[in-house]
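# A look at the structure
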Amino acid sequence: MITIVTTHGAFALAAAAALLPAAHAQRPDFAPPIPRATLRALDAHPGAADANSGALAVSADGSHVLGWANSPLSRAAREATYWRASTHPTGVGTLPTLNVWGSLRAISRDGLFLVGETNAGEAMSAVIWSDSLGLSALPALPGSVGSTAAGVASGGGTVVGTSDFRDEVTASHPVLSREATRWENGVATGLGFLPGGASSEATDVSPDGRFVVGRSDVPMGFQSHEAFLWSATGGMQSLGDLPGGYRRSLAVAVSDDGSVVAGWGMATGHPFRTRVWRWTNQTGLVLIDLLTGDFGAEPTDMSGDGNVIVGWSTTPGGAERRPFIWDPVHGTRDLMAVLESQGADISPWRDSSGRVFMEAQGVSADGKTVVGTGRRQNEFHGWVATIL
């Protein structure tokens, strides 16, 4: 009811709203769009002989994707490539005397720096790239014969990876040992090994460069190794192994504050069955469930807070490889099923039998953007998905 006050007093009128057309928010043509998940393939290089590509990592905000795409210069060559907010690809290029064959594999959270490795004669050399500085090699540890880079902090000042060592350079005597390596402003430092170990590798670094994860061998039997968490204050800390496992665990991702680590280990009863775990200081290694009916799984990346993990899961015999996503509320889910339930069209990614062969390789800091590689119409394509 609306009350109108005049010089002659007050009187009430029936609300005029009933006599007016319905508000525009109630009209169908003004209805807000229904939010939907998305799944799209990444563009190929213009002029390339085919559209094969792959996505390996994504920036914190989901706007920059790192991967590879077939080069327009050679049918056989894969060029390290990144995609910005648009789908148009940008090739990274080459260093003098060094060939880049799609080997950049990690991106900083701010999306400005890429790291990986490239051929340098008979050995590999860790490299870092930025749009402003181009591509350059990182110095090796003294006595090493090669190096690789696997993670880079925001700002590009801290890079982690592995240095390779061997007694003599012969084709019949490959790398004998490795040491996890951390580059701080271009200066290489070895991170050492777990007690009794003689080989280690680093796989990821926190955005501020304070925490590093990877694996180190341990004297527990043939090819035994354990996941580690390293910090400048605490050194290299073993994260252990899955109960009853084969003393083979590897950490692949660390949260922004270093409190959560994701990795894989060998499951009890089968030396080749990898399982996903999540570690915190309070819980230790906690096994994550497989997708129903699947044989094994490996994680590839984790959100900034450690509450979203992505990776791939495989059916017995490897007939199908599916991307998975895990969070503490929903547990392990088939990412394609999640996307489809939220309105994304995944039909182009299924083969004639309805199966998919896809891997999730990276996830944004908020866990909402996932990137990976999948088979589509007899070619491999990098893809980007957004979930609700």
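Every chain is numbered independently, its residues counted from 1 as its sequence is written. Residue-level local features of this predicted model are given only where pLDDT is at least 70; pairs of side-chain atoms are given and counted only at 80 or more, and the full residue set underlies all totals for whole chains, interfaces and linings. By convention in this description, side-chain values take in all heavy atoms of the structure and omit both hydrogens and water.

Turning our attention to the side chain of Glu226. Put simply, DSSP marks the helices as runs of H or I at least four residues long and the strands as runs of E at least two long, and each gets a number from the N terminus on. With respect to the element layout, Glu226 can be found in strand β18 (residues 225–231). Relative accessible area decides the class of each residue, using a 1.4 Å probe on protein chains only: under 20% of the type maximum gives buried, over 50% gives exposed, and in between gives partly exposed. The class of Glu226 is buried, set by a relative accessible area of 6%. Residues adjacent in sequence count toward polar contacts only when both atoms are side-chain atoms; beyond that, a polar contact is any pair of N or O atoms within 3.5 Å, and within protein one must be able to donate a hydrogen and the other to accept it. A polar contact of 2.5 Å, which involves the side chain of Glu226, links it to the side chain of Ser238. Here, residues are in contact when the closest pair of their heavy atoms is within 4.5 Å. The residues contacting Glu226, other than those within four sequence positions of it, are Leu194, Gly214, Arg215, Ser216, Val218, Ser238, Gly240, Arg247 and Ser249.

If you add up the space inside the largest pocket, you get close to 790 Å³. Lining the largest pocket are 31 residues, and of these Arg105, Thr203, Val252, Thr300 and Gln361 lie nearest its centre. Only β4 (53–58), β8 (104–107), β12 (146–152), β16 (200–205), β20 (249–254), β24 (296–302) and β28 (358–363) provide two or more residues apiece to the lining of the largest pocket. At five residues, β24 tops the list of elements feeding residues into the lining of the largest pocket. Cavity means a closed set of points on a 1 Å grid over the protein atoms alone, one where a 1.4 Å probe fits but cannot get out, pocket means an open set with protein on both sides within 12 Å along at least 5 of 7 lines, and lining means a residue has an atom within 4 Å of a point. Grid points are joined across faces, edges and corners, and a volume is the space filled by probe spheres set on the points. Roughly 310 Å³ of volume is contained in the second largest pocket. The wall of the second largest pocket is formed by 14 residues, among which Arg178, Ser199, Glu201, Arg215 and Asp217 lie closest to the centre. Contributing elements (two or more residues each) for the lining of the second largest pocket: β14 (177–184), β16 and β17 (211–217). Per-element accounting of the lining of the second largest pocket gives the leading share, three residues, to β17. Note on residue classes: Ala, Val, Leu, Ile, Met, Phe, Trp, Tyr, Cys and Pro are nonpolar, Asp, Glu, Lys and Arg are charged, and everything else, Gly too, is polar. Considering only residue class, the lining of the second largest pocket consists of two nonpolar, seven polar and five charged.

Right, let's get into the sheet that holds strand β5 (residues 65–70). The strand order across the open sheet built from four strands is β4-β5-β6-β7, with neighbouring strands paired in antiparallel fashion. Only two strands of the sheet have a single neighbouring strand rather than two, namely β4 and β7 (89–91). Each neighbouring strand pair of the sheet contributes to a mean axis angle of 35 degrees, computed without reference to strand direction. Pairs of strands are assigned from DSSP output, requiring at least two bridges between the strands. Axis definition: a line fitted to C-alpha atoms, limited for helices to the stretch in contact. Angles are taken between N-to-C directions and run from 0 to 180 degrees.

Next up on the list: the sheet that holds strand β3 (residues 38–41). Spatially, the four strands line up as an open sheet ordered β3-β30-β29-β28, and their pairing is antiparallel. Looking at strand neighbours, the two that pair on one side only are β3 and β28, the edges of this open sheet. Averaged over neighbouring strand pairs, the angle between their axes works out to 25 degrees when direction is ignored. Inspection of the sheet shows β3 paired to strand β30 (residues 379–386) by four bridges, in the antiparallel sense. Bridge assignment links Thr38 to a residue of β30, and that residue is Thr386.

The rule for a salt bridge is simple: a side-chain nitrogen of Lys or Arg has to be within 4 Å of a carboxyl oxygen of Asp or Glu. Across all of its chains, the model carries 13 salt bridges by this definition. For Arg333, the salt bridge is made with Asp327, and the minimal N-O distance between the two is 3.3 Å. With a relative accessible area of 23%, Arg333 lands in the partly exposed category. Relative accessible area serves as the criterion here: at 12%, Asp327 is assigned to the buried category. Salt bridges here are not isolated pairs; linked through shared partners, they connect Asp294, Arg322 and Asp334.

Planes of paired rings set the category: under 30 degrees apart is stacked, over 60 is edge-to-face and the rest tilted, where pairs are Phe, Tyr or Trp rings (Trp by its six-membered ring) whose centres lie within 6.5 Å. Within this structure, the stated rule accounts for one aromatic pair. Ring centres 5.0 Å apart and planes at 50 degrees place the aromatic pair Tyr82 and Trp129 in the tilted group. Taken together, the residues Tyr82 in strand β6 (residues 78–83) and Trp129 in strand β10 (residues 123–130) connect sequence positions 47 residues apart. Like Tyr82, the residue Trp129 is buried in the burial classification. Here, over-ring charges are defined by two tests on the NZ atom of lysine or the CZ atom of arginine: distance to the ring centre within 6 Å, and angle to the ring normal within 35 degrees. Seen from the ring of Trp312, Arg321 lies directly overhead, with NZ or CZ sitting 3.7 Å from the centre. Positioned above the aromatic ring of Phe357 is the side chain of Arg375, whose terminal nitrogen or guanidinium carbon lies 4.7 Å from the ring centre.

A separate point is the nonpolar core. Grouped together as the largest cluster of nonpolar side chains are 20 residues, with contacts concentrated most on Leu39, Leu335, Leu339 and Trp383. Secondary structure elements with two or more residues in this core: α1 (335–341), β28 and β30. Looking at this core element by element, the count peaks at four residues for α1. To define a nonpolar core, start from buried Ala, Val, Leu, Ile, Met, Phe, Trp, Tyr and Cys residues and group those joined through side-chain atoms within 4.5 Å. Leu250, Ile288, Leu291 and Ile309 belong to the second-largest nonpolar core, a separate cluster that totals 16 residues.

If you walk through the whole model with that rule in mind, you get one cavity of 30 Å³ or more. In this structure, the largest cavity spans a volume of roughly 40 Å³. If you go around the largest cavity, the residues you meet are Val276, Ile288, Asp289, Leu290, Leu291, Ala297, Ser313, Phe324 and Thr332. When its residues are assigned to classes, the lining of the largest cavity shows six nonpolar, two polar and one charged.

The next thing to look at is the environment of Ser352. Relative to the elements of secondary structure, Ser352 occurs in the loop between α1 and β28. For Ser352 and Gln377, which are 25 residues apart along the polypeptide, the C-alpha to C-alpha distance reads 9.8 Å.

What follows concerns the environment of Ser71. Relative to the helices and strands, Ser71 resides in the loop between β5 and β6. For Ser71 and Thr81, which are 10 residues apart along the polypeptide, the C-alpha to C-alpha distance reads 9.3 Å.

Before going further, it helps to spend a moment on unusual backbone geometry. For Asn185, which is not a glycine, the phi torsion comes out positive at approximately 50 degrees. Positionally, Asn185 belongs in the loop between β14 and β15 (187–190). Even without glycine at this site, Asn378 takes up a positive phi of about 65 degrees. You can see Asn378 is positioned in the loop between β29 (369–376) and β30. Classification of Asn378 by relative accessible area gives exposed; the value is 78%.

Honestly, it's all geometry; don't read function into it.
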